[in-house]
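# Results of the structural survey
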Amino acid sequence: MRKFIVPSLLLTMLFAVTGCGNEAADYDLRKDRSAPNEMSNKYKKPLVGQDVQNQNPNFLNLEGTSTRGTGGGQDTGIDVRKAKKVIRDTHEFRTDSVWINGDRMWVNVYKSGMLNEQQRVDAEARLHKKLVQALPRYNIEVRVQEDRR
């Protein structure tokens, strides 16, 4: 009995492992008309140059050229430059960083000399007022730091 069971199990396992044939070689993705061809890149336009920035509205447009003029991530480069110009025109602060996340603008600046807490709060309020006048669409957070050079 054992002589009969062992060869039949080996033969069954051989059929199970090899399958019925190589059906993957018979399938041609280009000839399949029953379902949409999601894997093919045949008709997709390659992304080169400016197309990469125009695909996602959250990418910053660092050149400052608004392609659609709709805002929403397209002209934040212009707004950052405008905020830096407002800071520079005060002749009181030096820009550390200005960045935008959604409707919030975060501004970090340096003010020369030593500042106590009240002077720092007053400087933040003055700069905040000027930035809100220049860029009213953003909720602006200003942080003034001492520049001890």
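See the structure printed just above.
To start, this report covers the structure provided alongside it.

What counts, and where the lines are drawn
- Residues numbered from 1 in each chain as written.
- Predicted model: local features only at pLDDT ≥ 70, side-chain atom pairs only at ≥ 80, totals over all residues.
- Heavy atoms only, no water.
- Helix = DSSP H or I, 4+ residues; strand = E, 2+ residues; numbered from the N terminus.
- Buried < 20%, exposed > 50% of the residue type's maximum accessible area, 1.4 Å probe, protein only.
- Contact = heavy atoms within 4.5 Å.
- Areas by Shrake-Rupley, 256 points an atom, 1.4 Å probe, with all protein chains shown as cover.
- Core = buried A, V, L, I, M, F, W, Y, C linked by side-chain atoms within 4.5 Å.
- Pairing = 2+ DSSP bridges.
- Axes fitted to C-alpha atoms, helices over the stretch in contact; angles between N-to-C directions.
- Expected span 1.5 Å × (residues − 1).
- Polar contact = N/O pair within 3.5 Å; in protein donor to acceptor, adjacent residues only side chain to side chain.
- Right-handed = clockwise from strand over helix to strand, strands pointing away.

Within the protein chain, the regular secondary structure consists of five helices and three strands. Counting from the amino terminus, the protein chain carries its helices and strands in the arrangement α-α-α-α-β-β-α-β. Here the protein chain, with 149 residues, has 23% of them falling under the buried criterion. Considering only residue pairs separated by 6 or more positions, the protein chain has 46% of its internal contacts joining residues 24 or more positions apart. Of the roughly 11,700 Å² of accessible surface on the protein chain, a fraction of 56% belongs to carbon and sulfur atoms.

Attention now moves to the nonpolar core. Formed by 20 residues in total, the largest nonpolar core has its most connected members in Ile87, Met105, Val107, Leu131 and Ile140. Among the secondary structure elements, those contributing two or more residues to this core are helix H4 (76–89), strand S1 (93–101), strand S2 (104–112), helix H5 (117–134) and strand S3 (139–147). Ignoring any residue separated from it by four or fewer positions in sequence, one finds Ile140 in contact with Met105, Val107, His128, Leu131, Val132 and Leu135.

With mixed pairing, the three strands of this open sheet are ordered in space as S1-S2-S3. One side of each edge strand has no neighbouring strand; the edge strands of this open sheet are S1 and S3. The sheet shows a mean angle of 15° between the axes of neighbouring strands, taken without regard to direction. Inspection of the sheet shows S1 paired to S2 by eight bridges, in the antiparallel sense.

Our focus in this paragraph is H5. Here H5 spans 26 Å end to end across 18 residues, near enough to the 26 Å set by a 1.5 Å rise per residue. Where H5 is buried, its residues touch H4, S1, S2 and S3. Here H5 starts with a cap whose side-chain oxygen sits 3.2 Å from the backbone nitrogen of Gln118, and that cap is Asn116.

This next bit is on the pairing of S2. Between S1 and the antiparallel strand that follows it, S2, lie two residues; Gly102 among them carries a positive phi value of about 70°. Direction of pairing for S2 relative to S3: parallel, over a ladder of nine bridges. Of the residues in S3, the one forming a bridge with Tyr110 is Gln145. Taking the sense of rotation as the criterion, the β-α-β connection linking S2, H5 and S3 turns out right-handed.

Inspection of the secondary structure assignment puts Asp79 in helix H4. The class for Asp79 is buried, based on a relative accessible area of 4%. Here the side chain of Asp79 touches Tyr138 through a polar contact of 2.4 Å, side chain to side chain.

By themselves, these figures tell us nothing about what the structure is for.
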